[in-house]
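Spelled out, the chains give:
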Amino acid sequence: MDETAVCVVDDKGQVALEVAVVTDPETIKAALAPYLGRLRRLGHEAGSLSPWLHPELLKLGLPAVCLETLHVRAALKAQRNKTDRADALGIAHIMRTGWFRKAHIKSEACYRLRLLLTHRRNLKRKFLDLENAIRHSLKVFGIRLNRVGRGGFAQAVREAVAHDALVSELIDAMLNARAALWKEYCRLHDLVVRLVAGHELCRRFMQIPGVGPIAALSFMTAVDDPSRFKRSRDVAAYFGLTSRRWQSGSSIDVKGRISKAGDGDVRRALYEAASALLTRYKKKDKVKAWGLALAKRSSHRKATVAVARKLAVIMHAMWTGGTFYCGDPDASAAEMRDDAAAKQRKLLGAYA
């Protein structure tokens with residue numbers, strides 16, 4: 001965060017420079033000044049500062065390349081000691097050999113939308129943590145809140161501890177914090193809904209049954225630039241929805257569970273959308289029919305993962321081709337427009 005270890009090697013692997021400088025683009029360029037005329041690549045590992053550091057290095061004319069963290073970590077495991085100096089040397093050799101994978105740096109507008117999704121998710125998790133803490137603390141006194149909804153939760157808890165002054169005071173503080181978190185969470189959720197309702201691409205994504213505003217916006221901000229994927233089916237592997245493979249010789253060739261690589265929030269959103277499509281959507285849909293047939297042959301869980309993988313491929317194809325989703329081949333164009341308009345009215349009306 002504060003300092004950056006810099007290492008320069010030549011084409012034969014000889015170390016020309018090893019120095020630690022302040023993490024600042026201008027300072028890094030000044031340290032590399034004697035080598036700017038011969039500098040082929042400048043690699044840095046992806047991190048929390050990469051969205052700011054990478055564009056700034058490019059503005060200064062440096063041939064910066066952002067490296068995938070998992071790939072770099074696997075390459076540096078051979079080192080006996082892990083220090084900033086040793087990591088810089090290892091990254092320099094990775095850049096010299098060309099054995100690296102580039103990490104995509106998203107646009108600033110995309111990072112702003114992802115920040116909205118991240119804060120909304122954090123508020124929801126803290127809200128649920130407080131609610132579960134209240135439920136758990138009341139079990140000490142034999143109070144079990146099994147059939148209490150979210151709306152009547154606070155009133156039910158206050159009535160249950162009204163006879164104990166100390167516990168009532170403690171629980172009241174927790175309930176006030178819970179109410180504040182819920183208020184701010186609803187504020188961010190409404191902002192997400194308004195942004196999605198005003199975005200043409202997200203509205204097209206939401207024509208897919210099961211895909212809501214969170215799934216649509218999460219997918220759009222995670223991909224950012226659809227042209228960086230040569231094929232739509234590559235998106236499924238990018239989000240960790242394809243199975244791992246372990247092959248060794250002619251006797252071992254095992255396909256395991258999904259890799260769970262990439263953005264976990266997008267993967268969960270796609271899984272929830274697939275689950276809603278298979279279990280809640282009542283109309284005719286070819287993806288739903290395919291998933292239900294797969295569930296009969298295998299299991300519902302595997303079918304849901306397969307449908308989530310297919311949804312990622314479909315959404316990317318819709319994005320690149322500018323097409324619309326038609327789950328029922330027998331439906332007319334007027335019926336499709338009416339369904340899309342009804343879904344948007346329902347979306348805006350529910351959070352007005």
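Attention here is on the structure that accompanies the text. Per chain, the residues get numbers from 1 upward, laid out in the order the sequence is written. pLDDT decides what is reported in this predicted model: residues at 70 or higher carry local features, side-chain atom pairs at 80 or more are listed and counted, and totals for whole chains, interfaces and linings draw on all residues regardless. Heavy atoms throughout the structure, all of them, feed into the side-chain values; hydrogens and water do not.

1. Re the overall build of the protein
Along its length, the protein carries 14 helices and six strands. Relative to its length of 352 residues, the protein is extended, with a C-alpha radius of gyration of 26 Å against a globular reference of 20 Å. If you line up the protein on its principal axes, its C-alpha atoms span 75 × 65 × 50 Å. Three exposure classes are used, based on accessible area relative to the maximum for each residue type with a 1.4 Å probe and protein chains only: buried under 20%, partly exposed in between, and exposed over 50%. Considering the protein as a whole, with its 352 residues, one finds that 36% of them fall into the buried category. Whether two residues touch is decided by their heavy atoms; if any such pair falls within 4.5 Å, the residues are in contact. In the protein, once contacts between residues fewer than 6 apart in sequence are set aside, the share between residues at least 24 apart is 56%. For the purpose of charge, His is not counted, nor are the chain termini; Lys and Arg are scored as positive and Asp and Glu as negative. For charged residues, the charge sits on one atom: NZ in Lys, CZ in Arg, CG in Asp, CD in Glu. Within the protein, one finds 61 positive and 35 negative side-chain charges whose respective centroids are separated by 8 Å. The numbering of helices and of strands both runs from the N terminus, where a helix is a DSSP run of H or I of at least 4 residues and a strand a run of E of at least 2. Each radius of gyration reported is based on C-alpha atoms, and the globular scaling rule is 2.2 Å times the count of residues to the power 0.38.

2. Some remarks on the packing of helix 5 (residues 108-138) against helix 7 (residues 165-197)
Between the N-to-C directions of two axes lies an angle of 0 to 180 degrees, each axis being a line fitted to C-alpha atoms and, for a helix, fitted only over the stretch in contact. Axis separation between helix 5 and helix 7 bottoms out at 9 Å; the angle between their running directions is 155°. Considered as vectors, helix 5 and helix 7 are oriented roughly antiparallel to each other. Between helix 5 and helix 7 lies a crossing of left-handed hand. Among the residues making up the contact of helix 5 with helix 7, the classes are represented as 20 nonpolar, three polar and six charged. Note that the term roughly parallel is reserved for angles under 35 degrees, roughly antiparallel for angles over 145, roughly perpendicular for angles of 65 to 115, and oblique for everything else. Left-handed describes a crossing whose near helix is turned anticlockwise from the far helix by less than a right angle; the clockwise case is right-handed. Under this grouping Gly is polar, as are all residues other than the nonpolar Ala, Val, Leu, Ile, Met, Phe, Trp, Tyr, Cys and Pro and the charged Asp, Glu, Lys and Arg.

3. A word on the pairing of strand 3 (residues 42-45)
Residues in a regular strand point their side chains to alternate faces of the sheet. Only one face of strand 3 is covered, namely the one carrying Leu42 and His44; the face carrying Gly43 and Glu45 has none of its residues buried. Here, any two strands with at least 2 DSSP bridges between them count as paired. Bridging between strand 3 and strand 4 (residues 64-67) involves four bridges; their strand directions are parallel. Residue pairing for strand 4: Glu45 is matched across the bridge by Leu67.

4. Re the packing of aromatic side chains
Aromatic pairs are defined between Phe, Tyr and Trp rings, using the six-membered ring for Trp, whenever the two ring centres lie within 6.5 Å; interplanar angles under 30 degrees are classed as stacked, those over 60 as edge-to-face, and all others as tilted. Tallied over the full model, the rule gives seven aromatic pairs. Between Phe205 and Phe219, the ring centres sit 5.6 Å apart and the planes meet at 90°, which makes this aromatic pair edge-to-face. Of this pair, Phe205 sits in helix 8 (residues 200-205) while Phe219 sits in helix 9 (residues 213-223); the two residues are 14 residues apart in sequence, bridging distant segments of the chain. Accessibility assignment for this pair places Phe205 and Phe219 in one class, buried. Between Phe205 and Trp319, the aromatic rings sit 6.2 Å apart at their centres with planes inclined by 75°, giving edge-to-face as the arrangement. Taken together, the residues span a long stretch of sequence, with Phe205 in helix 8 and Trp319 in helix 13 (residues 300-321) at a distance of 114 residues. Of the two residues, Phe205 and Trp319, both sit in the buried class.

5. What about the pairing of strand 1 (residues 3-9)?
For strand 1 and strand 2 (residues 15-22), the ladder comprises seven bridges, and the chain directions are antiparallel. Directly across from Val9, in strand 2, lies its bridge partner Val15. Between the end of strand 1 and the start of strand 2, which pair antiparallel, lie five residues, with Gly13 showing a positive phi angle near 90°.

6. Points about the nonpolar core
Within this scheme, the nonpolar core is defined by two criteria: the residues are buried Ala, Val, Leu, Ile, Met, Phe, Trp, Tyr or Cys, and they are joined through side-chain atoms within 4.5 Å. Formed by 45 residues in total, the largest nonpolar core has its most connected members in Phe205, Ile208, Val211, Phe219, Phe239 and Leu270. Sorting the residues of this core by element identifies helix 5, helix 7, helix 8, helix 9, helix 11 (264-279) and helix 13 as the ones contributing at least two each. Among the elements that line this core, the one with the most residues is helix 13, at nine residues. Other than its neighbours up to four places away in sequence, Phe205 contacts Val211, Ala216, Phe219, Met220, Met315, Met318 and Trp319. Ranked by size, the runner-up nonpolar core spans 13 residues in total, among them Ala31, Leu32, Tyr35 and Leu53.

7. Observations concerning the environment of Ser298
Along the chain, Ser298 turns up in the loop between helix 12 (286-297) and helix 13. Sequence-wise, Ser298 and Ser243 are 55 residues apart; in three dimensions their C-alpha atoms are separated by 15 Å.

8. Quick word on helix 6 (residues 153-160)
Taken residue by residue, helix 6 has Phe153, Ala154, Ala156 and Val157 as its buried positions. Projected down its long axis, helix 6 carries its buried residues within an arc of 165°, all on one side. Of the surrounding secondary structure, the elements contacted by the buried residues of helix 6 are helix 5 and helix 7. Picture the helix axis, draw a direction to every C-beta atom, and the arc is the one those directions span.

9. Some points on unusual backbone geometry
Leaving glycine out, the prevailing phi sign among residues is negative, and the prevailing peptide bond configuration is trans. For Asp224, which is not a glycine, the phi torsion comes out positive at approximately 65°. Within the secondary structure layout, Asp224 lies in the loop between helix 9 and helix 10 (234-238). Backbone geometry at Lys260 places phi at a positive 55°, although glycine is not the residue there. In this structure, Lys260 sits in the loop between strand 6 (252-258) and helix 11. Relative accessible area serves as the criterion here: at 57%, Lys260 is assigned to the exposed category.

10. Thoughts on a nonpolar patch on the surface
Taken together, the side chains of Trp246, Ile252 and Val254 define a hydrophobic patch exposed on the protein surface, amounting to about 320 Å² of accessible area. Along the chain, Trp246 falls in strand 5 (residues 243-248). Exposure remark for Trp246: the relative accessible area of 60% places this residue in the exposed category. Patch construction takes residues with relative accessible area above 30% that form no salt bridge. Like charges are linked within 9 Å, and nonpolar side chains (Val, Leu, Ile, Met, Phe, Trp, Tyr) are linked within 5 Å. Accessible surface is estimated by sampling points in the Shrake-Rupley manner with a 1.4 Å probe; for residues, cover comes only from the protein chains shown. Any carboxyl oxygen of Asp or Glu that lies within 4 Å of a side-chain nitrogen of Lys or Arg is treated as forming a salt bridge with it.

11. Comments concerning helix 3 (residues 69-76)
Here helix 3 has its buried residues at His71, Val72 and Leu76. Projection of helix 3 onto a plane perpendicular to its axis shows the buried side chains occupying an angular sector of 125°, all on one side. Opposite its buried face, helix 3 presents the exposed residues Leu70 and Arg73, each directed more than 90 degrees away. Check the buried side of helix 3 and you find it contacts strand 3, strand 4 and helix 4 (84-97).

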